[in-house]
Amino acid sequence: MKILSIIILAILTFVLFFLFVYLLIGSICFKVSLARKGTVKEGLKKSRRKKIKNKEKEMVEDYSWWDKVDAQKLTIENDGLKLCGHFVNLNSSKTALLVHGYGSYYKEMADYAELFIRRGFNVLAIECRGHGNSEGDMVGMGWLDRLDILKWIDLLLTQNNSQKIVLFGVSMGASAVCMTLGEKLPSNVVCAVEDCGFDNVYKEFSYIYHRATLLPPSLLMKTFNSFTKRAKNFDMKMADAVKQLKKSNIPVLFIHGGKDNFVPTEMLFSLADAVPESRKMVYVCEEAAHTKSYHTDPSTYKRKLDHFLSKYCL
């Protein structure tokens, strides 16, 4: 009897210890990677304040452009969250809906907003859930954001239901755009541009953890994903941009940096392979780091964008 009690106590101790480790690893991974003020997000935010090199000269990303334009603050509600966007209205028949990256906010889309404004587009730069002025304690990683984007499209169409809409995103925002394309969209959405998007949330975090930790990434990710499924009803494996693209018939311009060490360039080809040749264009800026293709070679970037827009958004 005594031996049986010891065995049962040992089993219970092991189970409790396993549960403790599971919750500890899962909660730490969530706090670091998906919480609103996660460590990774905060680190990215600080790094963006630094100067970036552009071949022979240094450039500083300038967000003061927004202070020079008459941007109207718009809001929507989805999933119980109040989400914010910033709309520059040229009374054009074309609108570019811009989606920022992980740990970012609308002002960091200034260069891209100006690109579209100069091409005669209205611009709506949204702030994803868990970012900027939008509510939310958890980052959507594009998958949750895709449903928010549908609401933003609906709002645009209430203002002008005959306008053409281009979806444009960088990094996580690029993945959000690709994931949105797999949903039922109005014919007003004529094309999309993705710059440095990842193909799958689980694969992206696996890549990041493999580079950033000494722990086995496969075990870490299995624990992390199991935790998010149970605690947040979020399965990272399901958040797949490739599967969404395969359901779409909308043309896409795929852009990526050849020296991207945050979202590996291989993911570009995984995304692009999901779209037929007749409906895609692909541009790899060989010397560019993550989301730096425009800053590295602005003339080529503009030329590729103009070629794409002239074909699909006249």
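Our subject is the structure that appears above.
Residues numbered from 1 in each chain as written. Predicted model: local features only at pLDDT ≥ 70, side-chain atom pairs only at ≥ 80, totals over all residues. Heavy atoms only, no water.

1. Some remarks on the overall build of the protein
1) Next: For the protein, the count of helices and strands is 11 helices and 10 strands.
2) Next: Buried residues in the protein amount to 54% of all 314 residues.
3) Next: A separation of at least 24 residues holds for 75% of the contacts in the protein among residues at least 6 apart in sequence.
4) Next: Taken as a whole, the protein presents about 15,300 Å² of accessible surface, with 56% of it coming from carbon and sulfur. (Helix = DSSP H or I, 4+ residues; strand = E, 2+ residues; numbered from the N terminus. Buried < 20%, exposed > 50% of the residue type's maximum accessible area, 1.4 Å probe, protein only. Contact = heavy atoms within 4.5 Å. Areas by Shrake-Rupley, 256 points an atom, 1.4 Å probe, with all protein chains shown as cover.)

2. Thoughts on the sheet that holds strand β5 (residues 94–99)
1) Next: Sheet architecture is open: 8 strands sit in the order β3-β4-β6-β5-β7-β8-β9-β10, paired in mixed fashion. At either margin of the open sheet sits one strand with a lone partner, and together these are β3 (71–78) and β10 (280–285). Across this sheet, the average inter-strand angle for adjacent strands is 20°, counted without regard to direction.
2) Next: Bridge count for strand β9 (residues 252–257) against β10 is 6 bridges, and the pairing is parallel. Of the residues in β10, the one forming a bridge with Gly257 is Cys285.
3) Next: Strand contacts of helix α5 (residues 172–180): β5, β7 (164–170) and β8 (189–195), with the helix running at about 140° to β7, the strand carrying the most contacts. (Pairing = 2+ DSSP bridges. Axes fitted to C-alpha atoms, helices over the stretch in contact; angles between N-to-C directions.)

3. Things to note about a positive patch on the surface
1) Next: A cluster of basic side chains, namely Lys222, Lys229, Arg230 and Lys237, defines a positive patch on the protein surface.
2) Next: Tracing the backbone through its elements, the reader meets Arg230 in helix α7 (residues 217–232). (Patch = residues over 30% accessible without salt bridge, like charges linked within 9 Å, V, L, I, M, F, W, Y side chains within 5 Å. Salt bridge = Lys/Arg side-chain N within 4 Å of Asp/Glu carboxyl O. Lys, Arg positive; Asp, Glu negative; His and termini not counted. Charge placed at Lys NZ, Arg CZ, Asp CG, Glu CD.)

4. Observations concerning helix α6 (residues 201–212)
1) Next: Compared with the 16 Å implied by 1.5 Å per residue over 12 residues, the 16 Å span of α6 between its first and last C-alpha is a close match.
2) Next: Val201, Tyr202, Glu204, Phe205, Ser206, Ile208 and Tyr209 are the residues of α6 that are buried.
3) Next: Backbone nitrogen of Tyr202 and a side-chain oxygen of the N-cap are separated by 2.8 Å at the start of α6; the cap is Asn200. (Expected span 1.5 Å × (residues − 1). Polar contact = N/O pair within 3.5 Å; in protein donor to acceptor, adjacent residues only side chain to side chain.)

5. Things to note about the nonpolar core
1) Next: Core analysis: the largest hydrophobic core is formed by 62 residues, its most contacted members being Leu97, Met141 and Leu167.
2) Next: One finds Ala125, Met281, Leu305 and Phe308 within the second-largest nonpolar core, a separate group that totals 34 residues. (Core = buried A, V, L, I, M, F, W, Y, C linked by side-chain atoms within 4.5 Å.)

6. A short note on the packing of helix α3 (residues 110–118) against helix α11 (residues 298–312)
1) Next: Here α3 crosses α11 at 50°, and the two axes come no closer than 12 Å. As judged from the angle between their axes, α3 and α11 are oblique. Two packed elements cross with a definite hand, and for α3 against α11 that hand is right-handed. In this structure, α3 contributes Tyr112, Leu115 and Phe116 to the contact, and α11 contributes Tyr301, Lys302, Leu305 and Leu309.
2) Next: Among the residues making up the contact of α3 with α11, the classes are represented as 6 nonpolar, no polar and 1 charged. (Parallel < 35°, antiparallel > 145°, perpendicular 65-115°, else oblique. Left-handed = near helix turned anticlockwise from the far one by under 90°. Nonpolar A, V, L, I, M, F, W, Y, C, P; charged D, E, K, R; others polar.)

7. Section: the side chain of His100
1) Next: With respect to the helices and strands, His100 occurs in the loop between β5 and α3.
2) Next: A polar contact of 2.9 Å, which involves the side chain of His100, links it to the backbone nitrogen of Cys128.
3) Next: Excluding its chain neighbours within four sequence positions, the residues that come into contact with His100 are Tyr105, Tyr106, Met109, Ile126, Glu127, Cys128, His131, Val170, Met172 and Gly173.

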